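Chain by chain, the residues:
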Amino acid sequence: MTKFLYENRIWDKVETLPLDELRQLQWERLRQTVARVVERVPFYKKRFGEAKITADTIRSLDDLKRLPMTTKADLRDHYPLGFLAVPREEVLRYHGSSGTTGKPTMVAYTRNDIDVWSHLCARFLIGGGLQPHHTVQIAFGYGLFTGGFGLHYGVEKVGAAIIPAASGNTKRQIMLMQDIQSDALVCTPSYALTIADAIKHEGIDPGSLALKYAFFGGEAWTEQMRESIESDLGIFASNNYGLSEVIGPGVSGECAARDGMHFQEDHFIVECLDPDTLEPVADGEPGELVITAITKEAMPVIRYRTRDIARLYSEPCLCGRTTTRMSRVIGRSDDMMIIRGVNVYPSQIEEALLQIEGVTPHYEIELTRPKTLDIVTVRVEITPDQLSDKLSDMAQLKDVISEAIMQVTGIHTHVDLMPPRSLQRFEGKAARINDLRDLKVE
Ligand code: DLL
C-alpha cells in the first residue's frame, strides 16, 4: 500500500520548518501584530489596556492565553470597518462573511494580504494534487464570499489555467467540463454532489470527463460524503478550511497523505478550547478553534472564536510538513441541535445515513415541537432500485435508517423516504436543517 494517494508535493519550505523555528516565528509575528492592533484598532486598544497587556509583556507564545478574545458579535458591533488597522487608502479589497441574516461581517485586505492569501491557497492546492499543467473549474461564487476569489488567486499562483465558471448553472458546468476537459473542480461539497447527481441523471459517463482532482471547502461534510462523491465522479477530493474573518480559504488544507488539514501556522496561531470553560482541550480532543491572524495587515483578529468544533493533532505527518493538523469540522456550535437534552450535529446524521445501502447523500432535517417534545424528521432520497410497492419493504428500510441514526446520535428520529431527485439541490453552502420549533423562552 502506498502512503500517498498521489505524488506528495510541498509548495513552500516554511511548511516543513523545525517546530522550534516555527514557534519562534509565530512569537515574533504575534508580538508585532499585538503592537500594531493596540496602536491602531480602538477595540483592541481598550481591551488590551483593561488587561494591562502590551507587546512588551508578551514574552513567549504561552502568553497568548492571556490575550482577550474576539467574537463575531464584536465584529458586528464595529460594523463595517471598526477593526481596520490600516488607512482606507491601503485597502485593496473588501469581502464579507456569508451571514444568513442582516448585514455581512466585512473584512479587508491590503495588497500584501492578497499576496499572502494567494500563496496560502496555492499551498493546499499543490498539497491536494494540483499541477501547473492542469485546468481548474472554479464553481464557487465570486463576490463578497471569499471562496471564488481566494481559490482563483491560488490557482493563478500555481500557474494552472482557470475556468471562472462561478456557482450555479449546473448544465453549463457540465458542458464546460466536457468541452474544455477540466482536470480539477473547486466548489462546496454540496455543489459537487449536485453536479455529480446531474451528471448521473443526464446519463453522462464520468469516464468521458478529464476530472481527476477536486478541492472542496466552505462547509462541513463527512468522510462518507467524500467517498460517495469520489466514486460517482472518479476523482480525489481534498478538504480545505477557512473563514472570512481570518482570511477566507487557505487557513488549512489536506496533503497527499490526507490525514487531517495542515494549519498554515506561520500565518495563524490555532488553539482548541473547551467552548464552556475556554480551557485548552488535550491533543486529539474536540473543542472550539480559536484563531489568531499574525500576518494580516488590514484587519488582523486576535483569538477569534470561530464556533467551529474540531480536533487538533500535533504528531508529525508522513508528508514532511511539521504543522499542526485539524480534523474535519464536526459541526459549528451554532449548528448543534439540542434534541431532548442530547447534543446532535447534522454531520452525525449524514454519517449514519451514508452507511446504508440504497440511501443517497440528499437529505434534510426538520425540527418541530408540537407539544413539549422535540421531533426530528429526517427526509432522505433513496436510490431508484429501493423504491418498492411493498409497504413492508419501505417500512423495513425506514427502521434500518432510524436505527443507524440512533446508533450514532442516541436519538430517535422519524424517517421519511423520498423519491430520487425530490429534495432541494444546493449550488453553494447547503442549508439542510429546517428548525420550525418555537424556542422562545416564556
Ligand atoms: O467559507 C471560506 C472558505 C471558502 C473556505 C471556500 C474554504 C473554501 P465563510 O463564508 O466566512 O468563509 O464561512 C466560514 O464555513 O467557520 C466553517 O464553519 C465553514 N467551513 C469552511 N470551510 C470548511 C470545511 C468560507 N472545509 C465557515 N469544513 C467556517 C467544514 C467549513 N466547515
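The structure presented is a predicted model; accordingly, all values stated were derived computationally and were not measured. (Residues numbered from 1 in each chain as written. Predicted model: local features only at pLDDT ≥ 70, side-chain atom pairs only at ≥ 80, totals over all residues. Heavy atoms only, no water.)

### Here's the deal with the packing of aromatic side chains
Argument step 1. In total, this model carries 13 aromatic pairs according to the counting rule given.
Argument step 2. Centre to centre, the rings of Phe 43 and Tyr 44 are 5.1 Å apart; their planes meet at 75 degrees, and the pair counts as edge-to-face.
Argument step 3. Overall, Phe 43 belongs to the buried group, its relative accessible area being 9%.
Argument step 4. A centroid spacing of 6.0 Å and a plane angle of 70 degrees characterise the contact between Trp 117 and Tyr 153, whose relative ring orientation is edge-to-face. Of this pair, Trp 117 sits in helix H4 (residues 111-127) while Tyr 153 sits in helix H5 (residues 146-158), and the two are 36 residues apart along the sequence. Taken individually, Trp 117 and Tyr 153 each receive the classification buried, so the pair is uniform in this respect. (Phe/Tyr/Trp six-rings, centres within 6.5 Å; stacked < 30°, edge-to-face > 60°. Buried < 20%, exposed > 50% of the residue type's maximum accessible area, 1.4 Å probe, protein only. Helix = DSSP H or I, 4+ residues; strand = E, 2+ residues; numbered from the N terminus.)

### Observations regarding the packing of helix H1 (residues 19-40) against helix H2 (residues 42-50)
Argument step 1. For the pair H1 and H2, interaxial distance at closest approach is 5 Å and the crossing angle is 105 degrees. Of the possible angle classes, the one that applies to H1 and H2 is roughly perpendicular. Between H1 and H2, the residues in contact are Val 34, Val 37, Val 38, Glu 39 and Arg 40 and Pro 42, Tyr 44, Lys 45 and Phe 48, respectively.
Argument step 2. Counted by class, the contact of H1 with H2 contains six nonpolar, no polar and three charged residues. (Axes fitted to C-alpha atoms, helices over the stretch in contact; angles between N-to-C directions. Parallel < 35°, antiparallel > 145°, perpendicular 65-115°, else oblique. Contact = heavy atoms within 4.5 Å. Nonpolar A, V, L, I, M, F, W, Y, C, P; charged D, E, K, R; others polar.)

### Regarding the packing of helix H6 (residues 170-180) against helix H7 (residues 189-201)
For any two helices packed against each other, the geometry comes down to the angle between their axes and how far apart the axes lie.
Argument step 1. The interhelical angle for the contact between H6 and H7, taken along N-to-C directions, is 75 degrees, at an axis separation of 10 Å. Taken together, H6 and H7 sit at an angle that is classed as roughly perpendicular. Facing Thr 170, Gln 173, Ile 174 and Met 177 of H6, the residues of H7 in contact are Tyr 191, Thr 194, Ile 195, Ala 198 and Ile 199.
Argument step 2. For the contact of H6 with H7, the class distribution of residues is six nonpolar, three polar and no charged.

### What to know about the pairing of strand S6 (residues 213-217)
Argument step 1. Taking burial as the measure, the five residues of S6 include five buried ones, the bulk of the element.
Argument step 2. In S6, alternate side chains face the same way, and those of Tyr 213, Phe 215 and Gly 217 on one face and Ala 214 and Phe 216 on the other are all buried.
Argument step 3. Across four bridges, strand S5 (residues 184-187) lies against S6 in parallel orientation. For Val 186, the partnering residue across the bridge sits in S6 and is Phe 215.
Argument step 4. Assessed by its sense of winding, the connection that carries the chain from S5 through H7 to S6 is right-handed.
Argument step 5. Here S6 pairs with strand S7 (residues 236-243) via five bridges, running parallel. Within S7, the residue paired with Phe 216 across the bridge is Asn 239.
Argument step 6. Between the parallel elements S6 and S7, the chain passes through helix H8 (residues 223-233) in a crossover that is right-handed. (Pairing = 2+ DSSP bridges. Right-handed = clockwise from strand over helix to strand, strands pointing away.)

### Here we look at H1
Every α-helix winds through 3.6 residues per turn, so residues three or four apart in the chain are directed the same way.
Argument step 1. Across its 22 residues, H1 extends 31 Å between first and last C-alpha, which sits within 8% of the 32 Å expected from 1.5 Å per residue.
Argument step 2. Along its buried surface, H1 packs onto H2, strand S10 (268-273) and strand S11 (286-293). (Expected span 1.5 Å × (residues − 1).)

### So, the pattern of salt bridges
Argument step 1. Tallied over the full model, the rule gives 32 salt bridges.
Argument step 2. Note that Glu 15 is salt-bridged to Arg 321, the shortest N-O span being 2.7 Å. You can see Glu 15 sitting in the segment before H1 and its partner Arg 321 sitting in the loop between strand S12 (304-313) and strand S13 (325-326), a full 306 residues away along the chain. Considered together, Glu 15 and Arg 321 belong to a single accessibility category, that of buried residues.
Argument step 3. Taking the shortest distance from any N to any O, the salt bridge between Asp 197 and Arg 421 comes out at 2.8 Å. On the criterion of sequence distance, the pair formed by Asp 197 in helix H7 and Arg 421 in the loop between strand S19 (414-418) and strand S20 (433-435) is long-range, its members being 224 residues apart.
Argument step 4. Residue classification places Asp 197 among the buried positions, given a relative accessible area of 15%.
Argument step 5. We classify Arg 421 as partly exposed; its relative accessible area is 41%. (Salt bridge = Lys/Arg side-chain N within 4 Å of Asp/Glu carboxyl O.)

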